[in-house]
Amino acid sequence: MATSQHVVPAAVTARGWGWQHSGRPHQAVRGLDLDIAPGERVLLLGPSGAGKSTLLHALAGVLGSDEEASEFGSLLIDGVPAAAARGRAGLMQQDPDAQVVLSRIGDDVAFGAENLAVPPSQIWPRVAAALDAVGLRLPLDHSSSALSGGQKQRLGLAGILAMRPGLLLLDEPTANLDPAGVLEVRDAVLNTVAETGATLVVVEHRVAVWADAVDRIVVLAPGRPGEGGGVLLDGPPATVLAQAREMLSAAGVWVPGHVPPTRPRTNSGGGELLLSADDLAVSRQRGRRRHPAVPAASNIDVALQAGTALSITGPNGAGKSTLALTLGGLLPAAAGSVLAAEPLARGAAKDPYRWKGNQLIERIGTVFQEPEHQFVTGSVLEELRFAPKLLGRGGDRVDELLARLRLEHLADANPFTLSGGEKRRLSVATVLAASPQILVLDEPTFGQDANTWAELASLLSELLDAGTAVVSVTHDAEFTQVLGGNRLELGLPIEAAAPASAPVPAAGADAQSLRGAA
Amino acid sequence: MSVDVLAQPRSVAWLSRANPLAKLGAAMVLTVALLLTVDWVSASVALACELAILPLAGLSLRLLLVRGWPILAAALAGAYGSALLAPKTGAVLLEWGPFLFTEGSVESGVAIALRGLAIGLPGIIVLASTDPTDLADALAQKLRLPHRFVLGALAAMRLVGLLVAEWQTLGMARRARGVGSNTGVFGRIVASLGQAMALLVQAIRRASRLAVTMEAKGFGAGPRTWARESTYSRIDVWVFGAGVLVSAAALAAAVVLGTWNPVF
């Protein structure tokens, strides 16, 4: 197999290369001089705004459609301008759902090869070999929508592999994945590179995932005036990490063996009971009389006290998000009950699902995994004012939150134009603006850089000490360690599942850590 | 968890092995034939033949009702309207205030309903037994429609399926922000409009990310090959022949029984 899949690895040469997106005052990348030898494996780092994605997109030849943009210098693949080197580079993006084009996995893998006019007789052998290399052993007519995030990323990789590119470009390929998915995708990439011998360029915040697997780390400097642009550091992983440890962690890069400092919890005593679930079953489907909903998880008992944290963990598809939505009063219980105790209900109905919108937000605030789903206005300031206005309160908390989450300079910006970390901070701030007694968060740390992570963890620790209860769906062991509290693990056999009456102690202590271990 | 309404398991019915173009052609011949005349005989003959073909498309009567009820409802509404408004010939069957039904008007109502069903049913049969990917392959390879357009539409179809789940998620995400607290009809309309706008924004953002993926996979830059070749087989002759035969039988029956009632 190794010989049949082998490709001619590509060389990358940049000379004074720069790129300015249309309508932007500064170049995203400026004055870049870089040589990548055929077959080299490079991890590309840099603070947000350093133009890492821009460089990958340029190498993949997908920046060209923007006619207002301006390009400087030269960017070559094997001596040919990158935009003209069709089929030499394959690009994998962050969003698993944007990776899949066709509805059957075999067709989806064949898509790229078809576009490169590969003779049909060669395509199916390539598809089989590619699926094998990424470890996706499913029937060719399996539905591509029925895959997990990690599987979708591997499917995307197989599609790239079937094109036999000499250069593999990965733009934060594991940012949206749980720890199991991260390893799954990384191993598939390394296996692919070993089999084909292709050149690899990967952009990722989490250095530990790739540090052992790459030959070289290149750190880019932002292209803004005063920042120099171009390459800041370049060398073997150990050398670069030793030289630039401080600088990288200050820029929010996850450096191996370093967990950013966070505010420690000061009190751990639980307050009064706020919310309880009794023999709860959860489902996104609406049950009908003759067809009851199939529960995503069942037999769940929860007792949530003021000032305590509850972490919900478990494998993909175990019903973690569905449980969070049900506890958040957004889905009805499929069976059993969710009951608000008097200190929370304060005269409203017992079942949070029956609360009106304005009753809900001052009692339970839910932060969704995708911040964009929760933006309802046109500016950051309006977003923050939205809840206080609904509740007929003044806006004094708004300024405090703006400052606390470093969003002041963005007050007039459109929420959709923010960076990933800013969007996450805003989505948390908007929910906090209503001062809920319970905060429910779905994977709040997915894809976040170390700075946003530390800020979020510190903020939640502060809220917990002040008496807010925090429920989070998370795979992040360090995060649960900061918050403390109990852990509820879904998707285990009934007898091993942890009801709230017998919680698993010390959340995250035994969980495998990707970040901590170098 | 996604609710992908379009990614149903691939049909294994006999008709699904026919080329989509043969099925479309047969349905088109039948439609044109039935458009020529409004009478209950031709429509009944065509409808009976179509119902007989249902098992070949893997459809049961129950499944047909589930998928085709809008057509049935439209046909019944059409029948009622025609019976009410058609020329009042023949004996009076029912008279109640302004409502007057005669033998003649009821007959044209029945004819309109049967014709509507007979024209609508082939569409359901073709849809139920045709995979969208096969249809796209046939349109691009056999009809030589531009592949950029056909494959773009196919990729977009897949996203439409994801929109159902997205709408649900958006509804919950916005309730968590307190949207829709204003009760009353007007408040609800405003909230739904806002949610529809948010759905549109998400759809466009996802589509543009998908476009980058497709472009990065070399889509639309030059000539392409097809891993799945769209071919005609003996089945297609049978399918198209059946369409012509049923049309001819329906029209012949109307002429022989003297109900031929040309539109033009």
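Residues numbered from 1 in each chain as written. Chains lettered and ligands numbered in written order. Predicted model: local features only at pLDDT ≥ 70, side-chain atom pairs only at ≥ 80, totals over all residues. Heavy atoms only, no water.

Colleague: Help me understand the side chain of A:T474 in this model?
Modeller: Residues and elements named next belong to chain A. Mapped onto the fold, T474 is located in the loop between β17 (469-473) and α16 (477-483). Look at T474 and you get buried, because its relative accessible area is 1%. At a separation of 2.9 Å, a polar atom in the side chain of T474 contacts the main-chain amide nitrogen of D476. Ignoring sequence-local partners within four residues, the contact set of T474 consists of S311, I312, T313, E443, T445, F479 and T480. (Helix = DSSP H or I, 4+ residues; strand = E, 2+ residues; numbered from the N terminus. Buried < 20%, exposed > 50% of the residue type's maximum accessible area, 1.4 Å probe, protein only. Polar contact = N/O pair within 3.5 Å; in protein donor to acceptor, adjacent residues only side chain to side chain. Contact = heavy atoms within 4.5 Å.)

Colleague: Explain the packing of helix α1 (residues 20-36) of chain B against helix α8 (residues 234-256) of chain B to me, please; I cannot follow it from the model alone.
Modeller: Geometry of a packed helix pair, given as the angle between the helix axes and the separation of the axes. Residue and element names in this part refer to chain B. The interhelical angle for the contact between α1 and α8, taken along N-to-C directions, is 10 degrees, at an axis separation of 8 Å. Taken together, the axes of α1 and α8 are roughly parallel relative to one another. Across the interface between the two elements, A22, K23, G25, A26, V29, L30, A33 and L36 from α1 touch D236, V239, F240, G243, V244, V246, S247 and L251 from α8. Tallied by class, the residues present in the contact of α1 with α8 amount to 11 nonpolar, three polar and two charged. (Axes fitted to C-alpha atoms, helices over the stretch in contact; angles between N-to-C directions. Parallel < 35°, antiparallel > 145°, perpendicular 65-115°, else oblique. Nonpolar A, V, L, I, M, F, W, Y, C, P; charged D, E, K, R; others polar.)

Colleague: Looking at this structure, I do not really get the domain arrangement of chain B. What am I missing?
Modeller: Accessible area lost on assembly of the parts is the figure often given for the size of an interface. Looking at the assigned domains, one finds that chain B contains domain 1 (14-135 + 231-256) and domain 2 (145-216). The centre of domain 1 of chain B, based on its C-alpha atoms, is set 35 Å off from the matching centre of domain 2 of chain B. (Domains from an automatic or database assignment.)

Colleague: Honestly, the pattern of salt bridges in this entry has me stumped. Any pointers?
Modeller: Oppositely charged side chains can form a pair if their charged atoms are brought close together. Scanning the entire structure with this criterion turns up 31 salt bridges over all chains. A:R363 is paired through a salt bridge with A:E362; the nearest N and O atoms lie 3.9 Å apart. Residue A:R363 is classed as buried on the basis of its relative accessible area, which comes to 5%. It is possible to trace a salt-bridge network through shared partners that takes in A:R104, A:D107, B:D131, B:D134, B:D137 and B:R228. (Salt bridge = Lys/Arg side-chain N within 4 Å of Asp/Glu carboxyl O.)

Colleague: Explain the pairing of strand β7 (residues 167-171) of chain A to me, please; I cannot follow it from the model alone.
Modeller: Side chains on a regular strand alternate between the two faces of the sheet. Residue and element names in this part refer to chain A. Burial analysis of β7 places five of its five residues in the buried class, the great majority of the element. Burial along β7 is two-sided: L167, L169 and D171 facing one way and L168 and L170 facing the other are all buried. Pairing between strand β6 (residues 89-92) and β7: four bridges, direction parallel. Residue pairing for β7: M92 is matched across the bridge by L170. In this fold, β7 hands off to helix α6 (residues 179-196), which returns the chain to strand β8 (residues 199-203); that crossover is right-handed. (Pairing = 2+ DSSP bridges. Right-handed = clockwise from strand over helix to strand, strands pointing away.)

Colleague: Whenever I open this one, the interface of chain B and chain A confuses me. Can you help?
Modeller: Counting residues at the interface gives 48 residues for chain B, matched by 63 residues for chain A. In total, chain B and chain A occlude about 5,000 Å² of area from one another, counting both sides; carbon and sulfur atoms represent 53% of this. Considering only the surface of chain B that becomes buried against chain A, B:R175, B:R177 and B:K217 emerge as the three largest contributors, covering 19% of it. The interface formed by chain B and chain A holds eight salt bridges in total. (Buried area = accessible area lost by both parts, 1.4 Å probe.)

Colleague: Mind showing me how you'd approach helix α5 (residues 132-141) of chain B here?
Modeller: An α-helical turn contains 3.6 residues, so any two residues separated by three or four positions project in the same direction. α5(B) sits mainly inside the fold: seven of its 10 residues count as buried. By the burial criterion, the buried members of α5(B) are B:T133, B:D134, B:A136, B:D137, B:A138, B:A140 and B:Q141. Buried residues along α5(B) sit in contact with α3 (105-115) of chain A together with α1 and α6 (147-175) of chain B. Two or three places before B:T133, at the opening of α5(B), B:D131 has a side-chain oxygen 2.9 Å from that residue's backbone nitrogen.

Colleague: Would you take a moment to explain the sheet that holds strand β16 (residues 438-442) of chain A for this structure?
Modeller: Where strands meet in a sheet, backbone hydrogen bonds hold them as pairs that are either parallel or antiparallel. All names here are of chain A. Taken in spatial order, the five strands line up as β15-β16-β17-β13-β18 in an open sheet, and their pairing is parallel. The sheet terminates laterally at β15 (364-367) and β18 (486-489), the two strands that pair on one side only. Strand-to-strand twist of the sheet, defined as the mean angle between neighbouring strand axes without regard to direction, takes the value 15 degrees. Helix α15 (residues 450-465) contacts β13 (309-313), β16 and β17 of the sheet and is inclined by roughly 155 degrees relative to β16.

Colleague: For this particular structure, what's the right way to read the sheet that holds strand β12 (residues 297-305) of chain A?
Modeller: Residue and element names in this part refer to chain A. The three strands lie next to each other as β12-β11-β14, forming an open sheet whose pairing is antiparallel. Looking along the sheet, the strands with just one partner apiece sit at the ends: β12 and β14 (335-340). Each neighbouring strand pair of the sheet contributes to a mean axis angle of 5 degrees, computed without reference to strand direction. Two elements, strand β11 (residues 273-282) and β14, share five bridges in a ladder whose sense is antiparallel.

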